Structure formats: C-alpha cells, structure tokens
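Coordinates in review
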Amino acid sequence: MYAFPKNFWWGTAASAYQIEGAWNEDGKVLSIWDEFTHQPGKIKHNHTGDVACDHYHRYKDDVKIIKTLGCNAYRFSISWPRVLPEGTGRVNPKGLDFYNRLVDELLKNKIEPFAMLHHWDLPLELHKKGGWTKRFISDAFAEYASVVVHSLKDRVKYWMTINEPMIIYALGYFTGEHAPGIKNIFKASKAIHNLLLAHAKAYRTIKSVHSQAVVGIANALSPVYPQCETDARAAKIAEAYTQRLFLDPFLKGRYPQLIEKKLRLINWEIRDEDFALIQNTLDFVGINNYTRIVVKKSIIPIPGFAIVQPQTDNVTEMGWEIFPEGLYRLCVWLRDEYGNPPVIITENGAAFNDVVNEKGEVVDTKRIQFLESYLRALHRAIQEGCNVKGYFVWSFMDNFEWAEGYTKRFGLVYVDYPTQRRIIKQSGKWFSKVCKNNGF
Ligand code: FCB
C-alpha cells in the first residue's frame, strides 16, 4: 500500500483557454491565444479554443463530474481578458461573475479551489503595448491580481500566479511555437525578468489583500540529463535556463550564477533592487512534471545547449519519455538545493490515443500505469522527507492542447467534441479510488 500524508490534496487541473470556449461572450475580448490560433498554420488542423469543451456554459455539470471523481481539490485558471478586457482599468463584471459562480459550485461540492491567475491567455491589448517584454506588465498583473483576489478572497485560499513562466519565455518569445509567436532572444530575456517581477508584485499584492492566502507558482520542471559525459556542462547550463531561472531568484534572491552574466548582457533593464522584491515570494513551489530533458552541447553561445530526443520507445503520444524517477529526483533536488520548501505537484499526466469502445467505455490502461508509476516515485520522495502537499493530474478532461490542437488527449474524462459528451475514463475511475483511499 502506498499511503500518502494526512490532509493531502488530490486534484485535477485545467486552464481557461483550454476548456472554457465562449471566446467572445459576455464582454470577453481577445487574448494572444485567440489571435494566434486564428492565424492559419499555427495550430495543428487550425484548431482554435473558440468552443473548446464549452466549459463556460457547462461548468455546473463539469463540477458534478469533478465531484464524482472524488478529488478534494480542483485547479482552474482565470482568463485575464474576461475579467479586465483591456488588461488594466475597466472591470468586466460578467467575467468576474463566472469565476464567482464556479467557485461557489466547487465549494458547494466540498472541492477546494486552487486558482491560477495566468495560464498564458494574455489580453491582446497588453501584448500590443509590448506584453511580457515591457516592465509595465508587472504592475498590470498586480492590478489584475488585486481585482480577482478582492472578489474571491472570502472563498479562495490557494493561489498560483503564473503557469510555467519558462514555457512563456522559451516558446512564446524565443522559439515562437506558442503565442505570441516571437523569435527574439532579447525580447525573451526581457520577458524572463518581467515574469519574475510580475509574480513578485502579484504575490505581495495578494498577501496584502488576503493575509491568509497561500500563494505559489506552477513551474515546468524536468530534471536535465547530459546525452553523454562530455555534455555535462551543457546540462548544467540547460538546468539554469529551464529549471533554476524561476526558482533561484525567488528562493536565493539572484539569477542562476551560471547564466547571470549572459542574461545581464542581453537585458540591460535588470535592476539590482528588483531582487529584494523578487526574493521570498513563494509559499509553495508548484511542479508541473511530465518527463525529463536530455541535452547536448551546442556551438551557439546562447543558450549553449540543444535538447535531444532520448533514444527510447517508452514515450506518450506527445513523444515525451515516460520517466517517473524524474519526479522523485525533482522533489529531492528541491529538498536539498532549496531548503525543502512546500511542494505541490500542480500537473502530471499523459496523452494517449484514447478510443471509446463498443460498450461506450474508454479503457486507458497505459494512463493508469503512467500515473501509478509517477505516484510511486512521489511516494518515495515523501518517505525521504520531501515536503509534498498535494498532487494534481493534468488534466480533468481532454482539451485544447495548444500547438497540438485537439489531437492530444490528456483527460481523466474523455470529451467527444462534436457532441460535448463527457465519459469518465478507466483512469478517472482508478484515480477516484486513489483519492478516496489517500493512496493505492
Ligand atoms: C503544460 C501546460 C498545460 C498542458 C500540459 C500538457 O505545459 O501547463 O496547459 O498543456 O503541459
């Protein structure tokens, strides 16, 4: 039996753009993802999140399903352009009302809401003014945080500021695979610093509005391995850019030492006094973990490493290597490197090619095996003293998987998009037992 600590949070996660739909309803205006997906060629099959899982209209039934899954927590995100159409200033009461109703529904069903403020859907208006590349964005983000937290603070205790800031700067501003589709290393370096500032300012704002709030971030974390011995240094550099960048500033008060000089060279807007603001602004570290990263050295000085595909068939539909030991390694690393901060696994899960059988069931054995192996690794980390408080499966239901559109299914609940029918997969039934028994 793998028993988990008392009062452990068991949940599932989803995000606004990926499930809500209602992209232009009730006063919501465009986010960078609305604009990006509407450009032909950016997303597989030119899919968009216009309708997605229609959760905006079906949230009550969806909460019922979450209840059936038996979790004691649910992670959702708030759409910034639904609440503040211009990004700052004017509030859209109908947008705010949606999240109030969602939270009420969750609480009525005894499900603890974990609210994420920003899961990538930046208001287009702010992007037009420079978005994450401009310093003003951190104040705009704090203003947005203040509006949302004022409205929900009597009912929501657990908050997260930004989902995967590393993916925002790397895919949004460096490779351009994600919205806003920019490929510019100078802009990427500015985005890094402004994401750090935005988190810090929002953290301080939330705490001033709601002193009982517990506030974290959700980082994309994957342990980094060298392809071979001679790539050891490249692996350290990759670790700095992909793992430490959104940990060291918060927990050590500085940029990762290995890349600090380079970053200051390409971003002359970094001010030393910023770090006093940035440091000590995490009540917990959220880990989004799926796989590991394998790298080799690269002659291009920045970033100085290249990601390679590990030589294995042990992968999910995303092509991501199944590597449960990585989750264990991450937890132990946080324990030893950063003084064992409280940790919540804010995302873990897998995409597989799910099909509905003649009986109308989805038998996703591979997903069960995947989750079980990662939970065993997590259990081991907890046994060894890691301060882990909860675990959220990505995702509650199948949804819009960014550049992959609807072609990748991560849900514990299957979504038949043409009819919007939901079917709880075998993995969902399995997970509900895990939640109920606080282990397996
Ligand atoms: C993470 C994202 C989440 C989802 C999963 C598969 O990077 O935070 O929205 O797309 O990957």
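What this report covers is the structure whose coordinates are included nearby. (Residues numbered from 1 in each chain as written. Predicted model: local features only at pLDDT ≥ 70, side-chain atom pairs only at ≥ 80, totals over all residues. Heavy atoms only, no water.)

Here we take up the environment of aspartate 248. Here aspartate 248 lies in helix H11 (residues 248-252). The buried category is assigned to aspartate 248, whose relative accessible area is 4%. In this structure, the C-alpha to C-alpha distance between aspartate 248 and leucine 102, residues 146 residues apart in sequence, is 35 Å. (Helix = DSSP H or I, 4+ residues; strand = E, 2+ residues; numbered from the N terminus. Buried < 20%, exposed > 50% of the residue type's maximum accessible area, 1.4 Å probe, protein only.)

Strands sit in the order E6-E8-E9 across an open sheet of three strands; the sheet is mixed. Single-partner strands in this sheet number two, and they are strand E6 (224-226) and strand E9 (305-308). When strand polarity is set aside, the average angle formed by the axes of neighbouring strands in this sheet is 45°. By the bridge criterion, three bridges tie E6 to strand E8 (residues 293-297) in an arrangement that is parallel. Bridged to tyrosine 225 within E8 is valine 294. Across the sheet, helix H10 (residues 232-242) is in contact with E6, E8 and E9; its angle to E6 comes to roughly 160°. (Pairing = 2+ DSSP bridges. Axes fitted to C-alpha atoms, helices over the stretch in contact; angles between N-to-C directions. Contact = heavy atoms within 4.5 Å.)

Applying the stated criterion across every chain, the model contains 40 aromatic pairs. Ring geometry for tyrosine 17 and phenylalanine 400: centres 5.4 Å apart, planes at 90°, overall edge-to-face. With tyrosine 17 in helix H1 (residues 16-19) and phenylalanine 400 in the loop between strand E11 (388-394) and strand E12 (413-416), the pair connects residues that are 383 residues apart, well separated along the chain. The two residues tyrosine 17 and phenylalanine 400 agree in class, both being buried. Taking 4.9 Å as the distance between ring centres and 75° as the angle between the ring planes, the aromatic pair formed by phenylalanine 98 and tyrosine 99 counts as edge-to-face. Across this residue pair, the class does not change: phenylalanine 98 and tyrosine 99 are buried. By the ring-pair criterion, three or more aromatic residues cluster together here, those being Tyr17, Trp33, Phe36, Trp120, Phe400, Trp402, Tyr406 and Tyr417. For lysine 190, the ring lying beneath its charged end belongs to tryptophan 268, and the centroid distance is 4.5 Å. We note arginine 409 situated over the ring of tyrosine 414; from NZ or CZ to the ring centre the distance is 4.0 Å. (Phe/Tyr/Trp six-rings, centres within 6.5 Å; stacked < 30°, edge-to-face > 60°. Lys NZ or Arg CZ within 6 Å of the ring centre and 35° of its normal.)

With that settled, consider the side chain of arginine 367. With respect to the helices and strands, arginine 367 occurs in helix H15 (residues 365-383). Engagement of the side chain of arginine 367 in a polar contact is seen with the backbone oxygen of arginine 409, the distance being 2.9 Å. In this view, arginine 367 contacts Ala350, Ala351, Phe352, Asp354, Arg409, Phe410, Gly411, Leu412, Lys425 and Ser427; residues no more than four positions away in its chain are not counted. (Polar contact = N/O pair within 3.5 Å; in protein donor to acceptor, adjacent residues only side chain to side chain.)

The next subject is the site of the ligand. As a matter of local geometry, the ligand sits amid Gln18, His119, Trp120, Asn163, Glu164, Asn288, Tyr290, Glu347, Trp394, Glu401, Trp402 and Phe410. Within the side chain of glutamate 401, an N or O atom sits 2.7 Å from an oxygen atom of the ligand. Separating an oxygen atom of the ligand from a side-chain N or O atom of tryptophan 402 is a distance of 3.0 Å. Burial of the ligand by the protein chains amounts to 94% of its free accessible area of 290 Å². Class assignment for the residues of the shell around the ligand results in five nonpolar, four polar and three charged. (Near = heavy atom within 4 Å. Areas by Shrake-Rupley, 256 points an atom, 1.4 Å probe, with all protein chains shown as cover. Nonpolar A, V, L, I, M, F, W, Y, C, P; charged D, E, K, R; others polar.)

A separate point is unusual backbone geometry. Here alanine 179 and proline 180 are connected by a cis peptide whose omega angle stands at 5°. When you line up the elements, proline 180 lands in the loop between helix H8 (165-173) and helix H9 (185-209). At the junction of isoleucine 302 and proline 303, the peptide bond is cis and its omega measures out at 5° in the coordinates. Following the sequence through the fold, proline 303 ends up in the loop between E8 and E9. With a phi close to 55°, asparagine 46 is a non-glycine residue in the positive phi region. Topologically, asparagine 46 is positioned in the loop between helix H2 (32-37) and helix H3 (55-69). One non-glycine residue, tryptophan 402, adopts positive backbone phi at about 45°. Looking at the secondary structure, you find tryptophan 402 in the loop between E11 and E12.

All told, the structure shown has 35 salt bridges when counted by the stated rule. Of the charged contacts, one joins lysine 128 and glutamate 125 as a salt bridge, the two residues approaching to 3.3 Å between their closest N and O atoms. Note that lysine 128 and glutamate 125 are positioned in helix H6 (residues 124-128) at a spacing of three residues, about one turn of the helix. In this structure glutamate 125 comes out as partly exposed when scored by relative accessible area, which is 32%. Note that glutamate 325 and arginine 329 form a salt bridge whose closest N and O atoms lie 2.9 Å from each other. Residue glutamate 325 and its partner arginine 329 are both found in helix H14 (residues 325-338); the two are separated by four residues, about one turn of the helix. Overall, the relative accessible area of 34% leaves glutamate 325 in the partly exposed class. Classification of arginine 329 as partly exposed rests on a relative accessible area of 39%. Here the residues in one salt-bridge network are Asp354, Asp364, Arg367, Asp398, Arg409 and Lys425, joined through shared partners. (Salt bridge = Lys/Arg side-chain N within 4 Å of Asp/Glu carboxyl O.)

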